[in-house]
Amino acid sequence: MRARAVALFLVATLAFAAGGCRALGRERGRDLTTPPPAGKPAAKLQVPPIQERKLSNGLTVLVAEYHELPLVVFQLLMQGGAAYDPAGKGGVAELTADLLRQGTQRRSAEELAREIEFLGGELSADASYDFSTVGAEFLAKDLDRGLDLFSDVVLHPAFRSDEFGRAQGMALAGIVAARDNPSAIADRCFQTFLYGKHPYGHASVGTERTVKSLTQGDIREFYRRYYGPARAVLVMIGDAPADVLAAKAERAFGGWHSAAEPPSALPAPARVTGRRMLLVDKPDATQTHIRVGNIAIARTDPAYVSAAVTSAILGGGFGSRLIDELRVKRSLTYGAWSYFAARKAPGDFRVGTFTKVATTGEALGVTLDVLDQFVAGGPTTAELDRAKSLLSGQYPLQLETPNAIAGKLAELQAYGLPRSDIETLPARVLAVGENDVREMARRYVPVQDAAIVVVGPAEQVAPQLARFGQVVRTTPEVCDAPNGPTAAR
């Protein structure tokens, strides 16, 4: 039910393949290293008619009827997420969202969970870098009771001391557990290395130091500043008349008043110039994890769709350049992927893979060669056709549920994009041409200007990286430090 889950698919086709490499060989005469044909483009996508209302408190309400399933879905999105964590308070946006589900002024955490379970419903809350979201799903027959629970969570959170301590402890446990995951370390260190002190530069979950420093007061202050009806959007979709949904939304949220402040505009992050390499030492790692990237586009960039196609050609599963070169031809990895992390301010384009420690240098070299050759030569006609068919064909499948439609509507409204983008996206994907992809590659695919993060046993990996340029060595803990290494100079 997260808006960003649907958005991420459009700008990223993450490929973590699970089978073998060339060892798969052939089965009954069929070459399993060759991807199947992409298939025909999708039929025209249609979404239910959307009604929009603006409440007197500034809340935008979008409602739609959906009669395929006996469900009602609520999605509320507020402007303000982890990018607005105060300095030294990393993780407060995510912890605030988590605590919304841990009891209200009317219900304890146990009572809230029991009522939701009794109805067979679901309730979630989350914070991305740009937004905070609360979502819920209930059976249509339980619309009133479900909306009462949902609005109670949003409007009357308790933030009790015992629940705060429990949620804080769980957040810290997750951070500590991630230290043993080389992939998580690579993602976190890449984020801090590339963005530096930019609001996107800290881990959204925070660090052990920042989360330990958080207080109930910090949670209440973040809620006060960013949870309010003005500039927020509420989407309600379900098996009920649209007028009924709209009326119930106004009754539940029309009296919501808040001192929430408009979030400040985020500055554009600086692009990395030159090749900057960070080697993160994890002595017990049996595989090396690699990330390569640079600052790219914002979500509202007109080239957003061309970016999705470009990424699918490079790292969109079997048939993509990275998988073909790294996995199929050389058996260096089981997975390689790429995506554009498009946000309010320009996000980044990144490539990721992993390999055996002994083949780190080879895998990085092949990755950089693939990027270089793609920038120099652009896509083939077959690659372009495959990527467009893949994206246009699979996109409707991502919007088959009311949850997905609600998330997409909330995202478009929050970014100020037209709702027609939902229905027109497949056609816009199919309209992307070779020159569009060449331009995206020229501008954003990292070759000479790139942040590179490698996580693995430094003593074995460092000699393999020497041929790529100067390497800065660090540890996972230092990546999270306030003055940790950054790619900017």
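For the structure given in this document, a descriptive report is provided here.

The rules behind the values
Residues numbered from 1 in each chain as written. Predicted model: local features only at pLDDT ≥ 70, side-chain atom pairs only at ≥ 80, totals over all residues. Heavy atoms only, no water. Helix = DSSP H or I, 4+ residues; strand = E, 2+ residues; numbered from the N terminus. Rg over C-alpha atoms; globule rule 2.2 N^0.38 Å. Buried < 20%, exposed > 50% of the residue type's maximum accessible area, 1.4 Å probe, protein only. Contact = heavy atoms within 4.5 Å. Lys, Arg positive; Asp, Glu negative; His and termini not counted. Charge placed at Lys NZ, Arg CZ, Asp CG, Glu CD. Polar contact = N/O pair within 3.5 Å; in protein donor to acceptor, adjacent residues only side chain to side chain. Phe/Tyr/Trp six-rings, centres within 6.5 Å; stacked < 30°, edge-to-face > 60°. Pairing = 2+ DSSP bridges. Axes fitted to C-alpha atoms, helices over the stretch in contact; angles between N-to-C directions. Disulfide = S-S within 2.5 Å. Salt bridge = Lys/Arg side-chain N within 4 Å of Asp/Glu carboxyl O.

Each helix and strand in the protein was counted, giving 18 helices and 14 strands. Taken over C-alpha atoms, the radius of gyration comes to 23 Å for the protein, in line with the 23 Å a tight globule of 489 residues would show. Dimensions of the protein along its principal axes, counting C-alpha atoms only, are 65 × 50 × 40 Å. Across the 489 residues in the protein, those meeting the buried criterion constitute 57%. If you take every contact in the protein between residues at least 6 apart in sequence, the share linking residues at least 24 apart comes to 84%. Positive and negative side-chain charges of the protein, numbering 55 and 53 respectively, have mean locations separated by a distance of 4 Å.

All right, on to the side chain of glutamate 325 then. With respect to the element layout, glutamate 325 can be found in helix H11 (residues 321-328). When its relative accessible area of 16% is taken as the criterion, glutamate 325 is described as buried. Here lysine 329 takes part through its side chain, which lies 2.8 Å from a polar atom of the side chain of glutamate 325. When sequence neighbours within four positions are dropped, the list of residues in contact with glutamate 325 reads Arg330, Val366 and Val370.

With that settled, the discussion passes to unusual backbone geometry. For phenylalanine 159, which is not glycine, the phi torsion reads 50° and is therefore positive. The phi dihedral of serine 331 is positive, around 55°, even though this residue is not glycine. Inspection of the secondary structure puts serine 331 in the loop between H11 and strand S11 (336-341). Residue classification places serine 331 among the partly exposed residues on the basis of a relative accessible area of 33%.

This brings us to the packing of aromatic side chains. The relation between two aromatic rings is expressed through the spacing of the ring centres and the mutual angle of the planes. Under the definition given, this model contains 13 aromatic pairs. Their ring planes at 35° and their centres at 5.2 Å tell us that phenylalanine 74 and phenylalanine 150 sit as a pair that is tilted. Here phenylalanine 150 lies in helix H4 (residues 143-155) and phenylalanine 74 lies in strand S5 (residues 71-79), a separation of 76 residues in the sequence. Pair check on accessibility: phenylalanine 74 and phenylalanine 150 agree, each one buried. Measuring from ring centre to ring centre gives 5.6 Å for tyrosine 129 and tyrosine 200, while their planes differ by 75°; the resulting arrangement is edge-to-face. Linking tyrosine 129 in the loop between strand S6 (122-127) and strand S7 (131-139) with tyrosine 200 in the loop between helix H6 (182-195) and helix H7 (208-213), this pair joins segments that are 71 residues apart in sequence. Both residues of the pair, tyrosine 129 and tyrosine 200, count as buried.

With respect to topology, 6 strands assemble into an open sheet ordered S3-S4-S8-S5-S7-S6, the strand pairing being mixed. Whereas interior strands pair on both sides, the edge strands pair on one side only; in this sheet they are strand S3 (51-54) and S6. Across the sheet, the axes of successive neighbouring strands diverge by a mean angle of 15°, strand direction being ignored. Taken together, the 6 bridges between strand S4 (residues 60-65) and strand S8 (residues 233-238) define a ladder with parallel strand orientation. Of the residues in S8, the one forming a bridge with glutamate 65 is glycine 238. Here H4 sits on the sheet and contacts S5, S6, S7 and S8; the angle it forms with S7, its principal contact strand, is near 160°.

What follows concerns the sheet that holds strand S14 (residues 471-474). With respect to topology, 6 strands assemble into an open sheet ordered S11-S12-S10-S13-S9-S14, the strand pairing being mixed. With partners counted over all chains shown, the strands left at the sheet margins are S11 and S14, one partner each. With direction set aside, neighbouring strand axes in the sheet form an average angle of 20°. On the sheet, H11 packs against S11 and strand S12 (348-356) and is oriented at approximately 155° with respect to S11.

Our next topic: the environment of alanine 232. Among the secondary structure elements, alanine 232 is positioned in the loop between helix H8 (216-226) and S8. Other than its neighbours up to four places away in sequence, alanine 232 contacts Gly58, Leu59, Thr60, Leu76, Leu77 and Met78.

Looking now at the state of the cysteines. Here, the word disulfide means a covalent bond between the sulfur atoms of two cysteines. Summed over all chains, the structure comprises 1 disulfide. In this model, cysteine 189 is linked to cysteine 479 through a disulfide, with the two sulfur atoms separated by 2.2 Å. Judged by the sign of its S-S torsion, about 115°, the bond between cysteine 189 and cysteine 479 is right-handed. Here cysteine 189 is found in helix H6, whereas its partner cysteine 479 is found in helix H18 (residues 476-479), with 290 residues between them in sequence.

So, about the pattern of salt bridges. In the structure shown here, the tally under the stated rule is 31 salt bridges. With a shortest N-O distance of 3.7 Å, arginine 428 and aspartate 421 are connected by a salt bridge. Classification of arginine 428 by relative accessible area gives partly exposed; the value is 29%. Among the residues examined, aspartate 421 registers a relative accessible area of 14% and is labelled buried. When salt bridges with common partners are traced through the structure, they connect Arg106, Arg107, Glu115, Asp148 and Asp152 into a single cluster.

Counting buried positions along S8 yields 6 of 6 residues, so the element is predominantly enclosed. Relative to S8, S5 runs antiparallel, the two being bridged by 6 bridges. Bridging across to S8, valine 73 finds its partner in isoleucine 237.

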